[in-house]
Amino acid sequence: MTRQLRIGLFAVSASGLAALLLWAVAGLPDFGHYRQRYGLLLQQVAVGERHATNVVTAVVFDYRGFDTLGEELILFASVIGVALLLREVRDEAARLRDRMRSDAVGLIGIGFAAGLLVLGLYVIAHGPITPGGGFQGGVVVAAAFAIAYLAGDYRAYRRLTPQPALDFVEGVGAGGYAVVGIVSMLLGSAYLYNFGPLGEPGTLASAGSISILNIAVALEVSAAFVLLFTEFLEELSVMRAQGR
Amino acid sequence: MIPLQAAAMALVAVFALAVALTRDLVRLAMLSSLYALTLVVLFLVFQAPDVALSELVVGGVAFPLVIVVAIVMQRGG
């Protein structure tokens, strides 16, 4: 196939695709004019039924809690895969020096890390109340650790994130979610059915087992992302230590 | 669609195109981080702060970090 023919073929198919996309976007409902029944129904019943003022969290950890179990296990499995691949090829004897030389960067970085950590914990704790939750807060907590690495050196980072603790927290988060579902069954209802107790809507522990699942996901996500950062950063540090 | 939303979408389109056209990998890592930032603005403008927060960390920090480390490993330190 000649170059001209390829470009011609691409131009025809790309303009067709662009036209279809434009047509689809033009047919979307206007922003703020939601028309599906399911969402409208949930908005009416979620606060009354589950006492979670953040309806998204009520959907993610309750009405669609089983889907979230699958999503959480996807993250779990992929991070385990990264760890398996990278840990195997790593030369454990090589140990790491990776000095950060500027005090100013160190100071500002630690300030950022502390602020991010507090923000992450806040977002996790308020999952059932305001936008955010275990996943969003978990990645913010993990970002705090990444900033701590940038601000300090690799050894300090490893002291903050000991490998056995990371593995343990990740496992507890992923397994804890499944166990909460089994508790629901032991109490005589469906898997992952909210077993309460429900509190005053708008308070931290208002939403029953939604709050427990939220914390389980937060543990899993933050540990998984820190583990991911650690595996890649360790790869770097070992390379530097070997002088490659 | 209000002008602010249209502007945010146009910004995302510009940076997405820049990411697609970039050949140099280090530039790609930095540009994809900026592209994630424009997506964060888009999500905020469309009133989805929770999605914006995860995009900020996953697209703005985690993804570029993995790319940068992969580049360093590829080049041998």
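Cut-off values and rules
- Residues numbered from 1 in each chain as written.
- Chains lettered and ligands numbered in written order.
- Predicted model: local features only at pLDDT ≥ 70, side-chain atom pairs only at ≥ 80, totals over all residues.
- Helix = DSSP H or I, 4+ residues; strand = E, 2+ residues; numbered from the N terminus.
- Rg over C-alpha atoms; globule rule 2.2 N^0.38 Å.
- Buried ≥ 20, exposed ≤ 12 C-beta atoms within 10 Å, placed from the backbone.
- Contact = placed C-beta atoms within 7 Å.
- pLDDT = per-residue confidence, 0-100.
- Axes fitted to C-alpha atoms, helices over the stretch in contact; angles between N-to-C directions.
- Left-handed = near helix turned anticlockwise from the far one by under 90°.
- Nonpolar A, V, L, I, M, F, W, Y, C, P; charged D, E, K, R; others polar.

Points about the overall build of chain A
No. 1: Counting its regular elements, chain A contains nine helices and zero strands.
No. 2: Counted from the first residue to the last, chain A has its helices and strands arranged as α-α-α-α-α-α-α-α-α.
No. 3: Against the compact-globule benchmark of 18 Å for 244 residues, chain A has a radius of gyration of 23 Å, which places it well outside the compact range.
No. 4: Taken along its principal axes, the extent of the C-alpha atoms in chain A is 65 × 60 × 35 Å.
No. 5: By the burial criterion, 35% of the 244 residues in chain A qualify as buried.
No. 6: Pairs at least 24 apart in sequence give 72% of the contacts found in chain A among residues at least 6 apart.

Digging into the confidence of the model for chain B
No. 1: Of the residues in chain B, 97% have a pLDDT of 70 or more, and the chain-wide mean is 90.
No. 2: Taken together, the chains of this predicted complex give a pTM of 0.87 and an interface ipTM of 0.85.

Re the environment of Gln 44 of chain A
Residue and element names in this part refer to chain A.
No. 1: Mapped onto the elements of the fold, Gln 44 is located in helix H2 (residues 37-50).
No. 2: A count of 11 C-beta atoms within 10 Å places Gln 44 in the exposed class.
No. 3: Taking the C-alpha atoms as reference points, Gln 44 and Val 55, separated by 11 residues in sequence, lie 9.6 Å from one another.

Section: the packing of helix H6 (residues 134-151) of chain A against helix H3 (residues 49-75) of chain B
No. 1: Running from amino to carboxyl end, H6 of chain A crosses H3 of chain B at an angle of 35°, the nearest separation of the two axes being 9 Å. Remark: the crossing between H6 of chain A and H3 of chain B carries left-handed chirality. In contact with Phe 135, Gln 136, Val 139, Val 140, Ala 143 and Ala 146 of chain A of H6 of chain A, H3 of chain B contributes Asp 50, Leu 53, Ser 54, Val 57, Val 58, Val 61 and Leu 65 of chain B.
No. 2: Class assignment for the residues of the contact of H6 of chain A with H3 of chain B results in 10 nonpolar, two polar and one charged.

Observations concerning the environment of Val 60 of chain A
Residues and elements named next belong to chain A.
No. 1: Inspection of the secondary structure assignment puts Val 60 in helix H3 (residues 55-63).
No. 2: In this structure Val 60 comes out as buried when scored by C-beta crowding, with 24 C-beta atoms within 10 Å.
No. 3: With 150 residues separating them in the primary sequence, Val 60 and Ile 210 have C-alpha atoms 8.9 Å apart.
No. 4: Sequence-distant contacts of Val 60, defined by excluding residues within four places in its chain, comprise Thr 68 and Gly 133.

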